[in-house]
Amino acid sequence: MIDDEKIIDLFFKRDQQGIRELDIKYRKICHNLSYNIVNSRQDAEECVNDAYLGAWNAIPPTRPNPLLSYIVKIVRNISLKIYWRKEAAKRSGHYTIALQEIESCIADQKTVEDEIEARELARIIEEFWTR
C-alpha cells in the first residue's frame with residue numbers, strides 16, 4: 001500500500017492513479033462512514049465517488065495532512081447533504097398528506113364581507129348587461 005504523501009504527489013501530477021490509490025487505501029473507511037449516514041449502499045457509493053472528485057479538484061492548491069481526515073471530512077459533508085435532502089423530501093410528503101386529511105376542517109379564507117361584496121358585484125354586472 002502506498003503512503004499518503006505519494007498519493008498527494010500523484011494528485012499534484014494530475015495522475016489518475018492517485019484516485020485509485022486513495023480508493024484502495026481508504027475505500028472501506030469512506031464507504032462505512034457514508035453508509036452509516038445515508039443508510040443506502042448506492043448513495044454511499046455516490047457520496048464516496050463525489051468525495052474523490054472533490055479531492056481531485058481541491059488537492060492541487062492544498063496539501064492535506066493527514067489525508068485520511070481530509071477525505072473523511074469530504075465524505076461526511078457530502079453524505080450529510082444527501083441525508084438532509086432525503087429527510088426534507090420525506091417531511092414534505094408527510095405534511096402534504098396531513099394537510100389533505102384536515103383540509104375539510106380548516107376554516108375558509110373568505111369572510112362574510114367577501115361573500116356579500118361578490119354577490120353585490122355579480123348583481124351590479126348582471127344589471128348592467130340587462131339594460
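Placed above this text is the structure.
This report concerns the structure included in the present document. Since the structure is predicted, the reported quantities are computational estimates derived from the model, not experimental observations.

Another point: the packing of aromatic side chains. Enumeration over the complete set of coordinates arrives at two aromatic pairs. Both rings, one in phenylalanine 11 and one in tryptophan 56, keep their centres 5.6 Å apart while their planes meet at 55 degrees; by these two values the pair is tilted. Separated by 45 residues along the polypeptide, phenylalanine 11 in helix H1 (residues 4–12) and tryptophan 56 in helix H3 (residues 41–58) bring together distant segments of the chain. On the accessibility criterion, phenylalanine 11 (0% relative accessible area) is buried. With a relative accessible area of 15%, tryptophan 56 lands in the buried category. With a centroid separation of 5.0 Å and an interplanar angle of 75 degrees, the aromatic rings of tyrosine 83 and tryptophan 84 are classed as edge-to-face.

Checked against the element boundaries, aspartate 23 lands in helix H2 (residues 17–38). Within the local environment of aspartate 23, its side chain forms a polar contact with the side chain of tyrosine 52, the two groups lying 2.7 Å apart.

Turning next to unusual backbone geometry. Cis rather than trans, the peptide bond between asparagine 65 and proline 66 has omega equal to 0 degrees. Even without being glycine, arginine 14 reaches a positive phi, approximately 60 degrees. Locating arginine 14 in the fold gives a position in the loop between H1 and H2. By relative accessible area, arginine 14 is classed as partly exposed at 38%. Notably, asparagine 39 is not glycine yet its phi reads approximately 60 degrees, a positive angle. Along the chain, asparagine 39 falls in the loop between H2 and H3. Asparagine 39 gets classed as exposed once you look at its relative accessible area, which sits at 57%.

Quick notes on the rules
- Residues numbered from 1 in each chain as written.
- Predicted model: local features only at pLDDT ≥ 70, side-chain atom pairs only at ≥ 80, totals over all residues.
- Heavy atoms only, no water.
- Phe/Tyr/Trp six-rings, centres within 6.5 Å; stacked < 30°, edge-to-face > 60°.
- Helix = DSSP H or I, 4+ residues; strand = E, 2+ residues; numbered from the N terminus.
- Buried < 20%, exposed > 50% of the residue type's maximum accessible area, 1.4 Å probe, protein only.
- Polar contact = N/O pair within 3.5 Å; in protein donor to acceptor, adjacent residues only side chain to side chain.

Remember, this is a structural readout, not a statement about activity or role.
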